[in-house]
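Commentary on secondary and tertiary structure
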Amino acid sequence: MSETQSTLQLILDSGEKIFSDHCDKKLLDQAEAGVFAENLWQQIVANGFNQLGASGSGTTAEEMYAFIMQCGRFAVPLPVAETLLVNSWLEAGEGLYSIGVVSEGQIVDVPWGRKADKVVGIQLNSDVVFVVEQPALVEQKVNLAGEPRDTIALPDDARTVEVGLDPYAQLALTRSNLMAGALQTLLDLGITFATERTQFGRPISKFQAIQHALAIVASEVAAARRAADAGVDGLQSQRFLPEVAASKARIGEAVTVAAEQIHQIHGAMGFTHEHRLHHFSRRAWAWRDEFGNEFHWQQMLGNHLAAVGADNLWSFIATRG
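Residues numbered from 1 in each chain as written. Predicted model: local features only at pLDDT ≥ 70, side-chain atom pairs only at ≥ 80, totals over all residues. Heavy atoms only, no water.

Attention now goes to helix H3 (residues 38–46). Along H3, the residues that are buried comprise Leu 40, Trp 41, Ile 44 and Val 45. Seen end-on, H3 carries its buried residues on one side only, within an arc spanning 140°. Turned more than 90 degrees away from the buried face of H3, the exposed residues are Asn 39 and Ala 46. Once H3 ends, the next one or two residues include Gly 48, with phi positive near 75°. (Buried < 20%, exposed > 50% of the residue type's maximum accessible area, 1.4 Å probe, protein only. Helix = DSSP H or I, 4+ residues; strand = E, 2+ residues; numbered from the N terminus. Arc of directions from axis to C-beta.)

Next up, the structure:
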């Protein structure tokens, strides 16, 4: 195992231990009720995970996005992805940071904006972001999964910073990785339920229809993981935007298929609040629409391929240059 692989595995193993200990159904229910997971956040900071991908941290963007995928796998109810991106853009430090979209003089859909020490506003098709040092809460809102998505005031004198790679696409890539992680847990929950649930004297996993459904989900999870990895691989290339477009669109489709199949496997149990399945399926549905849904990124990819031209289309698809 190379040093890079060893570092990544250490990060993932440590993160899994922390999330396994803290991210239970009780914590997720409390977060949905508006309770900030302070103890979990302190564990993340104490282990330096809030600095992954930042300059001088000794870690890479690939390791940062792998950690974000793991956050999706455990439905971590914190703005980890946003904090990591802000630190990679601004070297902001130890605080809790979040990001939203600038709209009509405000920053909207800010994860945990009510708790953030700093909020960054991004715009579609712009490398310039607005930095709000002392966020003023305008309105508290939530997404489909009950995750805080607040509105923050955008001061006229807010500092602006150029961050290089398209920040909107970078946020879309975080959602791709979060969804890929959540899809893995959906599959795990489906396998566990099918193995433990009996019908007519045997586990329902023995029935061909259930096996077929699980096989469909497994293929969608594999495709989602590969699409997320391809988006991350595109970070250092001129193909970044089309790679993100393909990633976000493909994983959004995978969420639609996989969540439907897993809920069908669980039957009525999967629709109850008492079961933890909804914490992952609703997050996957919510993340699917954040920072561009499938249509948005399919249109962007289609426009790019049209610009490439028929003579160069196969070369573009078949190579990574």
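Take the packing of aromatic side chains next. In total, this model carries seven aromatic pairs according to the counting rule given. With a centroid separation of 5.2 Å and an interplanar angle of 80°, the aromatic rings of Phe 36 and Trp 112 are classed as edge-to-face. Taken together, the positions of Phe 36 in the loop between helix H2 (25–32) and H3 and Trp 112 in the loop between strand E2 (106–111) and strand E3 (118–122) put the pair 76 residues apart, joining distant regions of the chain. Here Phe 36 matches Trp 112 in class, with each residue buried. Considering the side-chain rings of Tyr 168 and Phe 291, the 5.8 Å spacing of their centres and the 80° angle between planes classify their relative orientation as edge-to-face. Remark: Phe 291 occurs in the loop between helix H9 (277–289) and helix H10 (294–308) and Tyr 168 occurs in helix H6 (residues 167–196); sequence separation between them is 123 residues. (Phe/Tyr/Trp six-rings, centres within 6.5 Å; stacked < 30°, edge-to-face > 60°.)

Formed by 84 residues in total, the largest nonpolar core has its most connected members in Phe 19, Leu 40 and Trp 89. With residues near it in sequence (within four places) discarded, Leu 40 still touches Ile 18, Phe 19, His 22, Cys 23, Leu 27, Val 76, Pro 77 and Leu 78. Ile 107, Ala 116, Leu 154 and Ala 158 belong to the second-largest nonpolar core, a separate cluster that totals nine residues. (Core = buried A, V, L, I, M, F, W, Y, C linked by side-chain atoms within 4.5 Å. Contact = heavy atoms within 4.5 Å.)

For the rest of this paragraph, the subject is H9. Between its first and last C-alpha, H9 extends 19 Å over 13 residues, near the 18 Å set by a 1.5 Å rise per residue. In terms of burial, H9 is largely enclosed, as eleven of its 13 residues are buried. Among the residues of H9, those classed as buried are Leu 277, His 278, His 279, Phe 280, Ser 281, Arg 282, Arg 283, Ala 284, Ala 286, Trp 287 and Arg 288. Where H9 is buried, its residues meet H2, helix H4 (61–73), strand E6 (149–153), H6, helix H8 (240–266) and H10. Note on H9: the residue one or two positions beyond its end, Phe 291, has a positive phi of about 55°. (Expected span 1.5 Å × (residues − 1).)

Within the open sheet, the seven strands sit side by side as E5-E6-E2-E1-E3-E4-E7. Their pairing is mixed. Bordering the open sheet on either side are strand E5 (137–139) and strand E7 (159–162), each of which pairs with just one other strand. Taken pair by pair, the neighbouring strands of this sheet meet at an average axis angle of 35°, ignoring direction. Judged from the four bridges that link them, E2 and E6 form a sheet pairing that is antiparallel. For Val 110, the partnering residue across the bridge sits in E6 and is Asp 150. The sheet contacts of helix H5 (residues 80–90) involve strand E1 (97–103), E2, E3, strand E4 (128–132) and E7, and relative to E1 the element is tilted by about 85°. (Pairing = 2+ DSSP bridges. Axes fitted to C-alpha atoms, helices over the stretch in contact; angles between N-to-C directions.)

This next bit is on unusual backbone geometry. Despite not being glycine, Phe 200 shows a phi value in the positive range, around 55°. Following the sequence through the fold, Phe 200 ends up in the loop between strand E8 (198–199) and strand E9 (202–203). The class for Phe 200 is exposed, based on a relative accessible area of 75%. One non-glycine residue with positive phi stands out, namely Phe 291, at about 55°. A residue is classified by how much of its surface remains accessible, and Phe 291, at 9% relative accessible area, is buried.

Under the criterion given, the structure shown has 17 salt bridges. Put simply, Glu 147 and Arg 283 hold a salt bridge, and the shortest N to O gap is 3.5 Å. With Glu 147 in the loop between E5 and E6 and Arg 283 in helix H9, this residue pair connects regions lying 136 residues apart in the sequence. Given a relative accessible area of 9%, Glu 147 falls into the buried group. Across the salt bridge formed by Arg 175 and Glu 290, the nearest N and O atoms sit 2.7 Å from each other. Of this pair, Arg 175 sits in helix H6 while Glu 290 sits in the loop between H9 and H10, and the two are 115 residues apart along the sequence. Both residues of the pair, Arg 175 and Glu 290, belong to the buried class. Through salt bridges that share partners, Glu 82, Glu 147, Arg 149, Arg 175, Arg 283 and Glu 290 make up one connected network. (Salt bridge = Lys/Arg side-chain N within 4 Å of Asp/Glu carboxyl O.)

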